[in-house]
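# Breakdown of the fold
Spelled out from the first residue to the last, the chains are:
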Amino acid sequence: MNTNEHEHVIEVTDLRRVYGGGFEAVRGISFSVGRGEVFALLGTNGAGKTSTVELLEGLARPAGGRVRVLGHDPYEERAAVRPRTGVMLQEGGFPSELTVAETTRMWGGCVSGARPEDEALALVGLTGRSGVRVKQLSGGERRRLDLALALLGRPEVLFLDEPTTGLDAEGRRDTWELVRALRDGGTTVLLTTHYLEEAEGLADRLAILHEGSVAATGTPLEVTARQPSRISFRLPEGYFLGDLPPLAELGVCGHEVDGGLVRLRTRELQRTATGLLVWAERAGVELHGLDVRPASLEEAFLGIARERAVAA
């Protein structure tokens, strides 16, 4: 994907947000999002995700720095930005007595060039619930209604704040497929999520926020590559750790032994795994329970949190 300067749909430079009392929730962060890209903002509670997204949506004026969405300041030039964006907040707050269809129709009246009501509800699997009052919907169904309304205006840029909270596994997967289809159709998506599997599976690139600052950014593979991969296995009967080739020669950067279970950490996964398998072949033994895997996004996320805690 080409994300040169001319393709950037969202540009954030040294962005800051300060609340009453002087609390700095966003501390000079910078990132950009390309057209037709899914970008995820991750972080623990209080990391600054929602505070950042609200600035991008034009709901507040930054305390410092610069933000541009579709080439415009979303706060000062809201009229130029809002019709081209869709927003799914953490809570919709719709009138509880209206039906799903009435709510969609009401919202569509506020949107230029709105999708047909039936099309919007079909996108999120709510066609069969159109006559049900909002107050009778489950939490997951309300989230799907939130998403349908965010899509009514066929947005060029879609902001999704925790889009799958409250959804069951099937609903979450359906939402992922919809987000991928929107991206493939050219929609730019910026999402926040607590589900790291969601970010790993959906995001083209991501940023991990920690206490209002960007702790890591890049593709999911680039971010996870900063953490060591893992290899675990059980030693053959009668063998000990010292019988293996020297761990340093295998590229191992850390290890633990629990009974006969060996866990190795390595930043050179292919080299370490190959060395182990060659040794086992020559020794005529089998490494039972052999498990070889790169670091996950969860491990990278937790590793960054630990590093920042130590640094503090």
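Since the model is a prediction, treat every value here as computed from it, not as a measurement.

Criteria and cut-off values
- Residues numbered from 1 in each chain as written.
- Predicted model: local features only at pLDDT ≥ 70, side-chain atom pairs only at ≥ 80, totals over all residues.
- Heavy atoms only, no water.
- Helix = DSSP H or I, 4+ residues; strand = E, 2+ residues; numbered from the N terminus.
- Buried < 20%, exposed > 50% of the residue type's maximum accessible area, 1.4 Å probe, protein only.
- Contact = heavy atoms within 4.5 Å.
- Lys, Arg positive; Asp, Glu negative; His and termini not counted.
- Charge placed at Lys NZ, Arg CZ, Asp CG, Glu CD.
- Pairing = 2+ DSSP bridges.
- Axes fitted to C-alpha atoms, helices over the stretch in contact; angles between N-to-C directions.
- Core = buried A, V, L, I, M, F, W, Y, C linked by side-chain atoms within 4.5 Å.
- Salt bridge = Lys/Arg side-chain N within 4 Å of Asp/Glu carboxyl O.
- Arc of directions from axis to C-beta.
- pLDDT = per-residue confidence, 0-100.
- Phe/Tyr/Trp six-rings, centres within 6.5 Å; stacked < 30°, edge-to-face > 60°.
- Lys NZ or Arg CZ within 6 Å of the ring centre and 35° of its normal.
- Patch = residues over 30% accessible without salt bridge, like charges linked within 9 Å, V, L, I, M, F, W, Y side chains within 5 Å.
- Areas by Shrake-Rupley, 256 points an atom, 1.4 Å probe, with all protein chains shown as cover.

## Thoughts on the overall build of the protein
If you tally the helices and strands in the protein, you get 10 helices and 13 strands. By its C-alpha atoms, the protein is 75 × 45 × 40 Å across when sized along the principal axes. For the protein, the proportion of its 312 residues judged to be buried stands at 46%. Sequence-distant contacts, at least 24 apart, represent 66% of the contacts inside the protein between residues at least 6 apart. When the 36 positive and 45 negative side-chain charges of the protein are each reduced to one mean point, those points stand 3 Å apart.

## Some remarks on the side chain of Ser 51
Within the element layout of this structure, Ser 51 appears in helix H1 (residues 49-56). The class of Ser 51 is buried, set by a relative accessible area of 11%. Excluding its chain neighbours within four sequence positions, the residues that come into contact with Ser 51 are Arg 17, Tyr 19, Ala 25 and Val 26.

## Quick word on the sheet that holds strand S3 (residues 38-42)
Paired through backbone hydrogen bonds, the strands of a sheet run either parallel or antiparallel to each other. Pairing within the open sheet is mixed, and its six strands lie in the order S5-S6-S7-S3-S8-S9. Sheet topology places strand S5 (85-88) and strand S9 (213-218) at the edges, where each strand pairs with a single neighbour. Going from strand to strand, the sheet's axes swing by 15° on average, the running direction of each strand aside. Taken together, the five bridges between strand S8 (residues 205-210) and S9 define a ladder with antiparallel strand orientation.

## Side note on the nonpolar core
Core analysis: the largest hydrophobic core is formed by 41 residues, its most contacted members being Leu 42, Leu 145, Leu 160 and Leu 206. No other element matches helix H5 (residues 139-150), which puts five residues into this core. Excluding anything up to four places from it in sequence, Leu 160 contacts Met 88, Leu 147, Val 179, Val 189, Leu 190, Leu 191 and Thr 192. If you look at the next biggest cluster of nonpolar residues, it comprises 25 residues, including Ile 29, Leu 55, Val 81 and Val 157.

## Quick word on the sheet that holds strand S12 (residues 261-266)
Spatial ordering of the open sheet is given by S11-S12-S10-S13, a layout of four strands whose pairing is antiparallel. With partners counted over all chains shown, the strands left at the sheet margins are strand S11 (252-258) and strand S13 (288-293), one partner each. Strand-to-strand twist across the sheet, computed as the mean angle between neighbouring axes with direction ignored, equals 10°. Pairing geometry for S11 and S12, over six bridges, is antiparallel. Following the sheet pairing, Asp 258 is matched in S12 by Leu 261.

## A closer look at the pattern of salt bridges
What the rule picks out here adds up to 22 salt bridges. Of the charged contacts in the structure, one is a salt bridge between Lys 135 and Glu 97, with a shortest N-O distance of 2.9 Å. Placement of the pair is Lys 135 in the loop between helix H4 (117-123) and H5 and Glu 97 in the loop between S5 and helix H3 (100-108), with a sequence separation of 38 residues. You can call Lys 135 partly exposed: its relative accessible area is 42%.

## Quick look at H3
All of the buried residues along H3 are Val 100, Ala 101, Thr 103, Thr 104 and Gly 108. Looking straight down H3, one finds its buried side chains confined to an arc of 165°; they lie on one side. Buried-residue contacts for H3 involve H4 and H5.

## Some words on the confidence of the model for the protein
Note: predicted coordinates in regions of low pLDDT should not be interpreted at a detailed level. In this model, the protein carries a mean pLDDT of 91, and residues with pLDDT of at least 70 account for 96%. Put simply, helix H10 (residues 297-311) is where the protein has its lowest mean pLDDT, 78, and strand S4 (residues 64-69) is where it has its highest, 97. Within the model, the stretch residues 1-6 combines pLDDT values under 50 with nine contacts to residues more than four positions away or in other chains.

## A few points about the packing of aromatic side chains
In this structure the tally under the stated criterion is three aromatic pairs. Measuring from ring centre to ring centre gives 5.9 Å for Phe 94 and Trp 107, while their planes differ by 85°; the resulting arrangement is edge-to-face. Taken as a pair, Phe 94 in the loop between S5 and H3 and Trp 107 in helix H3 lie far apart in primary sequence, 13 residues in all. When the centroid spacing of 5.8 Å and the interplanar angle of 85° are considered together, the rings of Tyr 239 and Trp 279 count as edge-to-face. With Tyr 239 in the loop between strand S10 (229-234) and S11 and Trp 279 in helix H9 (residues 269-283), the pair connects residues that are 40 residues apart, well separated along the chain. Over the ring of Tyr 195 we find Arg 172; its NZ or CZ atom is 4.1 Å from the centre of that ring.

## Considerations on a nonpolar patch on the surface
Residues Leu 277, Leu 290 and Val 292 make up a contiguous nonpolar surface patch of about 230 Å² in total accessible area. The class for Val 292 is partly exposed, based on a relative accessible area of 37%.

## What to know about unusual backbone geometry
Despite not being glycine, Arg 154 has its phi angle at roughly 50°, a positive value. Inspection of the secondary structure puts Arg 154 in the loop between H5 and strand S6 (157-161). Non-glycine residue Glu 211 carries a positive phi angle of around 50°. Structurally, Glu 211 can be placed in the loop between S8 and S9.

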